[in-house]
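Residue-level structure breakdown
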Amino acid sequence: MIKDNLSEVQRNIASAVKRSGRREEDVCLIAVSKTKPVSLIMEAYDAGIRDFGENKVQELVSKYEEMPKDIRWHMIGHLQTNKVKYIVDKAYMIHSVDSLKLAQQISKEAQKQNKTCDILLEVNVADESSKFGLSCDQVCETAEMIAKLPAIRIRGLMTVAPYVDDPEKNRTIFRKLKQLSVDITNKNIDNVFMDTLSMGMSGDYEVAIEEGAKYVRVGTSVFGERNYSINKEN
Ligand SMILES: *Cc1c(COP(=O)(O)O)cnc(C)c1O
C-alpha cells in the first residue's frame, strides 16, 4: 500500500519536474513520517526512500535509533532551544529555524559536537498568525546575523503554505519564497547559500515543484491520514 502511494507521488513529481523543465535530480521527496510507526516507515524505506521528515525531537531521536543509519532525517517542526542538543548530530537538515536565538543554540551545540549544521530559515510567507516562521521582511537581516555564527550553514528557505482546497492558490506563496531566496542570493552574504527551497505538501507539492522546490515534504499522500487522537499535538 505504501509502495503504491509512493509510486503515485513519484509519478506526479516526475510530471511536475518535466512540465517545469527542471531535472529530476534537483527535486527530492521527503516522506513525512510523523506519528507513523517504524513498521510502516520501513515499507517506504524498502521502496527506496531515504529522506524522512519528523516534527518532534523525541520522535526523530527514537526513530533514528531504531532505523537504518543511511536515512537522512529532516527536522521540519518547531524546535525549542533546550532540545537542540538532542538532534544536532541526528538531523541531516533543520528546516525550521525561525529565530537568531535558535540559530545561536544550534551553532553552540554543533561546535561542541564538532559538526557543521545545515539549516533552512522558515518563512511565514502568508503571515498566518497560527504559524511559526520569520516574516518576509525579517528574513534578510536574520540571515546576515546567523551567517556570522560558527558551525552553522544557511542552505535556503522553507515555508508551510496555508491549507487550501485548490493548490493553485498557493502558487504565489511559493513564488514569493523563491523570489526571497533570489533577493538574498543577490546580497552575496558570506556563508549563506540559497540552493534549497523546502516547500509543498500533500495538497500542493506539484505546484511547489513548478515554482522551484528542491524538497517537497509529503506525509498524507504517502502514509495515509494521521490519527490525531493518539497524539493531539501533531
Ligand atoms: C505534517 C507536515 C507536512 C506533511 O503534511 P501532509 O499534508 O500530510 O503532506 C509537511 N511539512 C510540515 C512542516 C509538516 O508539519
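Structure's up top.
This one's a predicted model, so the numbers in the text were calculated from it and none came from an experiment.

**Digging into the pattern of salt bridges**
By the definition in use, this model includes 18 salt bridges. Residues arginine 153 and aspartate 118 are paired through a salt bridge, measuring 2.8 Å at the closest nitrogen-oxygen approach. Of this pair, arginine 153 sits in strand 6 (residues 152–158) while aspartate 118 sits in strand 5 (residues 117–122), and the two are 35 residues apart along the sequence. Judged by its relative accessible area of 29%, arginine 153 falls in the partly exposed class. Residues joined by salt bridges that share partners form a network here, namely Arg19, Glu168, Arg171, Arg175, Glu210 and Glu211.

**A closer look at the side chain of histidine 74**
Of note, histidine 74 is situated in strand 3 (residues 72–75). One polar contact links histidine 74 to histidine 95, side chain to side chain, over a distance of 2.9 Å. For histidine 74, the residues in contact, after removing those within four places along its chain, are Ile30, Asp51, Phe52, Gly53, Glu54, Leu60, Tyr92, Met93, His95 and Tyr215.

**Looking at the nonpolar core**
Within the largest apolar cluster, 70 residues are counted, with the highest numbers of intra-cluster contacts made by Phe52, Ile94, Ile106, Ile119, Leu121 and Leu157. The greatest single-element share of this core, amounting to six residues, is contributed by helix 1 (residues 2–19). Beyond its immediate sequence surroundings of up to four residues, isoleucine 94 is in contact with Met75, Leu79, Ile87, Ile106, Cys117, Asp118, Ile119 and Leu120. Among the nonpolar cores identified, the runner-up in size contains six residues, and Cys28, Ile30, Met158 and Tyr215 belong to it.

**Thoughts on the pairing of strand 2 (residues 51–54)**
Burial of the side chains of strand 2 extends over both faces: Asp51 and Gly53 are buried on one face and Phe52 and Glu54 on the other. In this sheet, strand 2 lies alongside strand 1 (residues 28–32) in parallel orientation, the contact comprising two bridges. Among the inter-strand pairings, valine 32 is bridged to a residue of strand 2, identified as glycine 53. The parallel pair strand 1 and strand 2 is bridged by helix 2 (residues 38–46), and the resulting crossover is right-handed. Pairing analysis gives four bridges linking strand 2 to strand 3, with the strands arranged parallel. Bridged to phenylalanine 52 within strand 3 is tryptophan 73. Read as a crossover between parallel neighbours, the route from strand 2 over helix 3 (residues 57–66) to strand 3 is right-handed.

**Overview of the packing of aromatic side chains**
What the rule picks out here adds up to one aromatic pair. If you follow arginine 72 out to its NZ or CZ, it ends over the ring of tyrosine 92, 4.5 Å from the centre. Positioned above the aromatic ring of tyrosine 64, the side-chain terminus of lysine 90 is 5.6 Å from the ring centre.

What counts and what doesn't
Residues numbered from 1 in each chain as written. Predicted model: local features only at pLDDT ≥ 70, side-chain atom pairs only at ≥ 80, totals over all residues. Heavy atoms only, no water. Salt bridge = Lys/Arg side-chain N within 4 Å of Asp/Glu carboxyl O. Helix = DSSP H or I, 4+ residues; strand = E, 2+ residues; numbered from the N terminus. Buried < 20%, exposed > 50% of the residue type's maximum accessible area, 1.4 Å probe, protein only. Polar contact = N/O pair within 3.5 Å; in protein donor to acceptor, adjacent residues only side chain to side chain. Contact = heavy atoms within 4.5 Å. Core = buried A, V, L, I, M, F, W, Y, C linked by side-chain atoms within 4.5 Å. Pairing = 2+ DSSP bridges. Right-handed = clockwise from strand over helix to strand, strands pointing away. Phe/Tyr/Trp six-rings, centres within 6.5 Å; stacked < 30°, edge-to-face > 60°. Lys NZ or Arg CZ within 6 Å of the ring centre and 35° of its normal.

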